[in-house]
Number of protein chains: 2
Amino acid sequence: MAATLKTLTVELGERSYPIVIGENLLANAAAYLRKASVPDKSPLMIVSDENTAPLYLQQLETSLKNDGYRTVSAVVPAGEQSKSLDVYNDLITQAIEAGLDRSSTILALGGGVVGDLAGFVAGTYMRGIRFVQVPTTILAHDSSVGGKVAVNHPLAKNMIGVFHQPELVLYDVDTLKSLPPREVRAGLSEMVKHGLIWDKEFAYWCRDNAEHLLALDAAALAHGLEKGCGIKAQIVSRDERENDLRAILNLGHTLGHAIEAVAGYGQFLHGEAISVGMAAAALLGEERGVAGLYAETVSMLKALELPVTLPEDIDSEALMTAMQRDKKFREGKMVFIVPLGIGSVEIANDVDADTVRTIIERLKGREEQS
Amino acid sequence: MAATLKTLTVELGERSYPIVIGENLLANAAAYLRKASVPDKSPLMIVSDENTAPLYLQQLETSLKNDGYRTVSAVVPAGEQSKSLDVYNDLITQAIEAGLDRSSTILALGGGVVGDLAGFVAGTYMRGIRFVQVPTTILAHDSSVGGKVAVNHPLAKNMIGVFHQPELVLYDVDTLKSLPPREVRAGLSEMVKHGLIWDKEFAYWCRDNAEHLLALDAAALAHGLEKGCGIKAQIVSRDERENDLRAILNLGHTLGHAIEAVAGYGQFLHGEAISVGMAAAALLGEERGVAGLYAETVSMLKALELPVTLPEDIDSEALMTAMQRDKKFREGKMVFIVPLGIGSVEIANDVDADTVRTIIERLKGREEQS
Ligand SMILES: NC(=O)c1ccc[n+]([C@@H]2O[C@H](COP(=O)([O-])OP(=O)(O)OC[C@H]3O[C@@H](n4cnc5c(N)ncnc54)[C@H](O)[C@@H]3O)[C@@H](O)[C@H]2O)c1
Ligand SMILES: NC(=O)c1ccc[n+]([C@@H]2O[C@H](COP(=O)([O-])OP(=O)(O)OC[C@H]3O[C@@H](n4cnc5c(N)ncnc54)[C@H](O)[C@@H]3O)[C@@H](O)[C@H]2O)c1
Ligand SMILES: [Zn+2]
Ligand SMILES: [Zn+2]
């Protein structure tokens, strides 16, 4: 057990915090909260969803209660649809009714949806209270680190949010065993993204260990999550508020977010959508002169059993419109993160709409050609 | 005109910003925005309300448009009811539809309601974009400085918000001439509060110049606003996020917020409610040994024609419950800002509920006794 226990730190001055990755952590949650100076005088609220609550909520509550913490629990419907102002408002109401005050803490027990939603509650309740991430998906190795929290607007994803760093990320890898295979694959998409933008060796490691990762092999997972979280933490430490560098984490996301919105939230999982987006970015990289990029990128994504094509019937112009509403669209030009090779990217502010249109069409018929 | 032009600075490191107070500023707004490095490439959104829009919106729009800024305007209903998640959501929708991006700016043209609401939009749209305060009420000399922005929850005031500092506060005192007299008085309540917590001489100056202030005499107003903003700016500079010192700005607000909520938002104006709250705080101060405090405080509030009593039929227990939901209620004890004398206060964390109950009853029958 202790064999896989890892602790990383997100270095952000007085907002620094630990990421603890290991087995059997939920049962010892209280000890980690105490270490992170989470006070026990005010009530804590645990936010989970209808899938994670029956599996893990009691274990977390018991650990906290046995150690003198007072908790209340709020369970939201599972899925992206819960990242809405309506569900947010419900949680705020529950927090007020439960008497949460400025010394209270909100814990997110779940994947990126619960983390983003509960984090936005924590970031805005009484102008910001403490927040702890207890991720239970592979994807959340990305979403639980870095303090970006948000809900969606019907017109655009993650449109409403703040930066609000957690006090602690407590990552119990045992919880990953209950993940549906499709969610496993979607989570690995962000993992290989971290290799593609920052660490060539890690990108190839993901491909070479795809079978172990897909089978949730404990050692492979622990290494992959540590590496993935570590890369994310480094980037966030250097540019917390996305003034420049942090934007590279958006590889595949310009198109990815558009796919999610146009196909209808929940049709494509986030990780699936950005996998297609990373294939698109590779095509864009080739277009700009990096030979072989597409085949290499796609070999990695396919090893992880991720989609790399667009359905023929998806509305191309709707994708274009959605991309232009994206936060990464700035002052009239399209912004894409474009690979310079495996493990390194640049931020291109000057991509013209027609190049993007062509790539979308190629992705619709691409399967046969690759 | 230039005679009354004053510029103060809120010192907050890289988040420092100027407060410009003077006449005829709206017509020159664009020049001040340029000086504050507000970019013109992305659209700006001006938020005003149904009272301020017909009076001042065109003037502001014209100044900006003539100088190359692209603006869109959103007008909300006047009054506290607009500080709601519903109106907030409408503004976010309008911002998306107008194509606001990360380089965009939101301007609040109005009183504290528009400032708090538009500021919360600016603080959360795409995780935070630029914000400019263009206050048009006396009360807003307080609300426009310091970066506290929020909307109300039906169960508690200002419950949902963030800290989001503006780039600039542009305070055109000409706009105050159209204020209804009741709003003038309510605004002066926060002005004398700044004296009561920080500056004895200024508190007496407010009393001695009450007639000039109530008559909106330009020189008196300019001095009072400069002093009031200056005190607020100093306190915020020392404690931006209300870890300790900043709490003194809440003199009169524990009870004041409860009065607003229990009487129904809009029945008592904010300034009126905190005037009663400051009378209550003075009674609490006397209770704790400061002789003569109540009479002296009330003489100031009455000179400004502010209320110092509670209606007999207001529900005392409802006030107690509302106070216990207040953000200033921490870890089970009642927190009040209590005067040590005129011009100086302390933060009392140990006030017991029965003392507060007694004071509420005294305020219900107090008029005759004072
Ligand atoms: N904040 C960030 O920096 C950031 C980064 C990447 C992604 N995101 C966001 O994260 C979200 C996606 O996260 P996600 O993929 O974790 O989605 P999710 O939270 O919806 O979880 C996926 C599904 O798995 C279920 N689930 C979660 N844990 C489980 C477990 N241990 N066992 C069984 N089922 C479990 C959930 O109920 C859900 O049905 C998106 O909204 C995306 O925008 C945010
Ligand atoms: N953020 C802070 O630090 C802070 C501090 C104090 C108060 N506040 C908040 O400020 C709000 C109260 O502010 P307010 O008193 O300015 O209220 P307000 O914005 O509602 O303005 C009062 C009334 O005057 C009208 N008005 C505004 N300017 C006018 C003008 N120039 N001429 C004619 N009519 C005009 C408005 O339409 C409104 O009807 C409260 O919600 C309070 O919580 C916030
Ligand atoms: Zn992502
Ligand atoms: Zn106030």
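Residues numbered from 1 in each chain as written. Chains lettered and ligands numbered in written order. Predicted model: local features only at pLDDT ≥ 70, side-chain atom pairs only at ≥ 80, totals over all residues. Heavy atoms only, no water.

1. Observations concerning the coordination of the zinc ion (ligand 3)
Residue and element names in this part refer to chain A. Coordination of the zinc ion (ligand 3) by the protein involves E190 (OE), H253 (NE2) and H270 (NE2), with metal-donor separations of 1.9 to 2.2 Å. For the zinc ion (ligand 3), the donor residues sit on a single chain with the sequence spacing E-x62-H-x16-H. Of this pair, E190 sits in helix α6 (residues 181-198) while H253 sits in helix α10 (residues 253-263), and the two are 63 residues apart along the sequence. Exposure class is identical for E190 and H253. Each is buried. (Donors = N, O, S within 2.8 Å, 3.2 Å for Na, K, Ca; no water. Helix = DSSP H or I, 4+ residues; strand = E, 2+ residues; numbered from the N terminus. Buried < 20%, exposed > 50% of the residue type's maximum accessible area, 1.4 Å probe, protein only.)

2. With respect to the UniProt feature "domain: 3-dehydroquinate synthase N-terminal" (unreviewed entry) in chain A
Look at the UniProt record and you will see "domain: 3-dehydroquinate synthase N-terminal" (unreviewed entry) annotated at residues 75-185 of chain A. Between the first and last C-alpha atoms of residues 75-185 of chain A the distance is 25 Å; the span itself is 32% helix and 30% strand. (UniProt positions renumbered as here; feature names shortened; annotations may be inferred.)

3. Considerations on helix α6 (residues 181-198) of chain B
Because an α-helix completes one turn every 3.6 residues, residues spaced three or four positions apart along the sequence face the same direction. Taking 1.5 Å of rise per residue, 18 residues should cover 26 Å, and α6(B) covers 26 Å from first to last C-alpha, within 8% of that figure. Of all the 18 residues making up α6(B), 13 are buried; the element is thus mostly covered by neighbouring parts of the structure. (Expected span 1.5 Å × (residues − 1).)

4. Points about unusual backbone geometry
Leaving glycine aside, a negative phi is the common case for residues, and trans is the common case for peptide bonds. Residues and elements named next belong to chain A. A positive phi angle, near 60°, is found at S37, a position not held by glycine. Mapping S37 onto the fold places it in the loop between α1 (29-35) and β3 (44-49). For S37, a relative accessible area of 52% gives the class exposed.

5. Here's the deal with the interface of chain A and chain B
Each side of the interface is counted separately: chain A has 37 residues, and chain B has 37 residues. Between chain A and chain B lies a buried interface of about 3,400 Å² when both sides are counted; carbon and sulfur atoms form 59% of it. Where chain A touches chain B, the interface holds 2 salt bridges. Put simply, R102(A) and E242(B) hold a salt bridge, and the shortest N to O gap is 3.1 Å. Elements supplying a minimum of two residues to the side of chain A that touches chain B: α3 (85-97), α4 (112-124), β7 (148-153) and β8 (156-163) of chain A. Ranked by the residues each element gives to the side of chain A that touches chain B, the list is headed by α3(A), at 7 residues. Looking at the side of chain A that touches chain B residue by residue, the classes come out as 15 nonpolar, 10 polar and 12 charged. (Contact = heavy atoms within 4.5 Å. Buried area = accessible area lost by both parts, 1.4 Å probe. Salt bridge = Lys/Arg side-chain N within 4 Å of Asp/Glu carboxyl O. Nonpolar A, V, L, I, M, F, W, Y, C, P; charged D, E, K, R; others polar.)

6. Things to note about the site of ligand 2
Residue and element names in this part refer to chain B. Taken together, 28 residues lie around ligand 2, and D49, E80, T136, T137 and S178 are the ones closest in. Listing elements by their share of the shell around ligand 2, those giving two or more residues are α2 (52-66), α4 (112-124), α5 (140-143), β8 (156-163) and α6. Here the shell around ligand 2 is built from residues that sort into 7 nonpolar, 11 polar and 10 charged. Inspection of the shell around ligand 2 shows a minimum of three residues originating in each of domain 1 (6-178) and domain 2 (184-363). (Near = heavy atom within 4 Å. Domains from an automatic or database assignment.)

7. Quick notes on the coordination of the zinc ion (ligand 4)
For the zinc ion (ligand 4), the full set of protein donor atoms is E190(B) (OE), H253(B) (NE2) and H270(B) (NE2), and the range of their distances to it is 1.9 to 2.1 Å. Read in sequence order, the donor residues coordinating the zinc ion (ligand 4) give the pattern E-x62-H-x16-H.

8. Quick word on the site of ligand 1
Residue and element names in this part refer to chain A. Residues in close proximity to ligand 1 total 28 residues, the closest being D49, E80, T136, T137 and S178. Side-chain polar atom of K232 to an oxygen atom of ligand 1: 3.4 Å apart, as the coordinates give it. When the free accessible area of ligand 1 is taken as 860 Å², the share hidden by the protein chains comes to 91%. Per-class residue counts for the shell around ligand 1 are 7 nonpolar, 11 polar and 10 charged. (Polar contact = N/O pair within 3.5 Å; in protein donor to acceptor, adjacent residues only side chain to side chain. Areas by Shrake-Rupley, 256 points an atom, 1.4 Å probe, with all protein chains shown as cover.)

9. Here's the deal with the relation of the copies chain A and chain B
Relating one copy of the chain to the other requires a rotation about an axis plus a shift along that axis. Turning chain A through 180° and shifting it by 0.0 Å along the axis lays it on chain B, with an RMSD of 0.0 Å. In the structure described here, the two chain copies are related by an operation that fits a two-fold rotation axis. When the interface residues of chain A are mapped onto chain B, 100% of them again fall at the interface, so both copies present the same face. (Least-squares fit on C-alpha atoms with pLDDT ≥ 70 in both.)

10. Details of the sheet that holds strand β4 (residues 71-76) of chain A
Residue and element names in this part refer to chain A. Read across the sheet, 7 strands follow the order β1-β2-β9-β6-β5-β3-β4 without closing on themselves; strand pairing throughout is mixed. Each of the sheet's edge strands pairs with one partner strand only, and the pair in question is β1 (6-10) and β4. Averaged over all adjacent pairs, the angle separating strand axes in this sheet is 15°, with direction ignored. Here 4 bridges tie strand β2 (residues 17-22) to strand β9 (residues 168-172), and the two strands are oriented parallel to one another. Directly across from I21, in β9, lies its bridge partner Y171. Running over the sheet, α4 touches β3, β4, β5 (105-110) and β6 (130-135) and is turned about 170° from β5. Contacts from helix α9 (residues 218-238) reach β1, β2 and β9, with the element oriented near 15° to β1. (Pairing = 2+ DSSP bridges. Axes fitted to C-alpha atoms, helices over the stretch in contact; angles between N-to-C directions.)

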